[in-house]
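Residue-level listing of the chains:
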Amino acid sequence: MKPDPNLSLEAIVDEPLRFDFEVPFTVDELAREQLVGISPAQIAGEVARVEGGFSLSARLSWAGKLECSRCLASYDFSYEEDFSLVLYPRKTIAEAELSLDKDDLDAYYYDEPIVPIAPIVEERIQIAIPMKPLCREDCRGLCPQCGSDRNVSECNCVVEFIDPRWRALQLLKKG
Ligand SMILES: [Zn+2]
Ligand SMILES: [Zn+2]
């Protein structure tokens, strides 16, 4: 097995460290019901020394299969983003909190100067997976009565029954 890709921060002096990694994930690791397939993520970018830590900027891309929350069909999904983070050693959290906004979401704290890239990538992927994926904007979903896919064929179920006389009354009121 290849060692997990990581960033050796101590090796960075004047020049930024450039990196380009392929990070594999499994659907089980990511543990998201709506994710049914994933290809290795690609991440490339650079890390440079900054005041009190390191700045990382990278381009991340990955592709997977999601299950539509309406019709339950799986469909291809691909994602690409540019992002940046500031890496701080954990021991200076107290100092960092003094000078930084507490809600600085783009800060990442590390324990060792050899930072594995997988947890950083995983966090980005978790954020990018939609809570309610849709195979398409106007997916019509499944019929709640017979379960047939309404994108494929129209069934004859009457899902909501409204007495026609009552309906006429409602229309009158509105008019
Ligand atoms: Zn759908
Ligand atoms: Zn039906």
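Residues numbered from 1 in each chain as written. Chains lettered and ligands numbered in written order. Predicted model: local features only at pLDDT ≥ 70, side-chain atom pairs only at ≥ 80, totals over all residues. Heavy atoms only, no water.

(A) Representation of the overall build of the protein. In terms of regular secondary structure, the protein is built from four helices and eight strands. Reading the protein from its N end, one meets helices and strands in the order β-β-α-β-β-β-β-α-β-β-α-α. Each of the 175 residues in the protein was classed as buried or not, and the buried ones make up 31%. Look at the contacts in the protein between residues 6 or more apart in sequence, and 54% of them connect residues 24 or more apart. Roughly 11,900 Å² of accessible area belongs to the protein as shown, and the carbon and sulfur atoms make up 52% of that amount. (Helix = DSSP H or I, 4+ residues; strand = E, 2+ residues; numbered from the N terminus. Buried < 20%, exposed > 50% of the residue type's maximum accessible area, 1.4 Å probe, protein only. Contact = heavy atoms within 4.5 Å. Areas by Shrake-Rupley, 256 points an atom, 1.4 Å probe, with all protein chains shown as cover.)

(B) A look at the pattern of salt bridges. Under the counting rule described, the total for this entry stands at eight salt bridges. Here Arg 90 ties to Asp 111 by a salt bridge, and the two come within 2.6 Å at their closest N and O atoms. Of this pair, Arg 90 sits in the loop between strand E6 (74-89) and helix H2 (93-99) while Asp 111 sits in the loop between strand E7 (107-110) and strand E8 (114-116), placing them 21 residues apart in sequence. Arg 90 sits in the partly exposed class, given a relative accessible area of 39%. (Salt bridge = Lys/Arg side-chain N within 4 Å of Asp/Glu carboxyl O.)

(C) Geometry of the coordination of the zinc ion (ligand 1). The coordination sphere of the zinc ion (ligand 1) contains the protein donors Cys 68 (SG), Cys 71 (SG), Cys 135 (SG) and Cys 139 (SG), at a distance range of 2.3 to 2.4 Å. Coordination geometry of the zinc ion (ligand 1): the four donor atoms subtend angles of 107 to 114° at the metal centre, consistent with an arrangement described as tetrahedral. Read in sequence order, the donor residues for the zinc ion (ligand 1) give the motif C-x2-C-x63-C-x3-C. Separated by 64 residues along the polypeptide, Cys 71 in the loop between strand E5 (53-67) and E6 and Cys 135 in the loop between helix H3 (118-128) and helix H4 (164-174) bring together distant segments of the chain. A residue is classified by how much of its surface remains accessible, and Cys 71, at 7% relative accessible area, is buried. Judged by its relative accessible area of 29%, Cys 135 falls in the partly exposed class. (Donors = N, O, S within 2.8 Å, 3.2 Å for Na, K, Ca; no water. Tetrahedral: all angles 85-135°; square planar, octahedral: opposite > 155°, others 65-115°.)

(D) View of the coordination of the zinc ion (ligand 2). Here the zinc ion (ligand 2) is held by Cys 143 (SG), Cys 146 (SG), Cys 155 (SG) and Cys 157 (SG), and the distances to it run 2.2 to 2.3 Å. Counting residues between consecutive donors of the zinc ion (ligand 2) along the chain gives the motif C-x2-C-x8-C-x1-C. Of the two residues, Cys 143 sits in the loop between H3 and H4 while Cys 157 sits in the loop between H3 and H4, which places them 14 residues apart along the sequence.

(E) Here's a closer look at the nonpolar core. Counting residues in each nonpolar core, the largest one holds 36 residues, and the members touching the most others are Ile 43, Leu 56, Trp 62 and Leu 87. Those elements giving two or more residues to this core turn out to be strand E2 (17-23), strand E3 (35-38), strand E4 (41-50), E5, E6, E7 and H3. When residues in this core are grouped by element, the largest group, six residues, is from E5. Those residues in contact with Leu 87, other than ones at most four positions away along the chain, are Leu 9, Val 47, Gly 53, Phe 54, Leu 56, Tyr 108, Tyr 110 and Ile 120. (Core = buried A, V, L, I, M, F, W, Y, C linked by side-chain atoms within 4.5 Å.)

(F) Representation of the environment of Gly 141. Tracing the backbone through its elements, the reader meets Gly 141 in the loop between H3 and H4. Note on Gly 141: relative accessible area 3%, which makes it buried. Distance in space between the C-alpha atoms of Gly 141 and Val 152 is 9.7 Å, their sequence separation being 11 residues. Here Gly 141 is in contact with Arg 70, Cys 71, Ser 148, Asp 149, Arg 150 and Asn 151, once residues within four sequence places are set aside.

(G) Examining the packing of aromatic side chains more closely. Tallied over the entire structure, the rule returns six aromatic pairs. These aromatic residues form a ring-pair network of at least three members: Trp 62, Phe 77 and Tyr 79. (Phe/Tyr/Trp six-rings, centres within 6.5 Å; stacked < 30°, edge-to-face > 60°.)

(H) Summary view of H3. Here H3 has its buried residues at Ile 120, Val 121, Arg 124, Ile 125 and Ala 128. Taken end-on, H3 shows its buried residues confined to a sector of 135°, consistent with a single buried face. (Arc of directions from axis to C-beta.)

Structural measurements only, silent on function.
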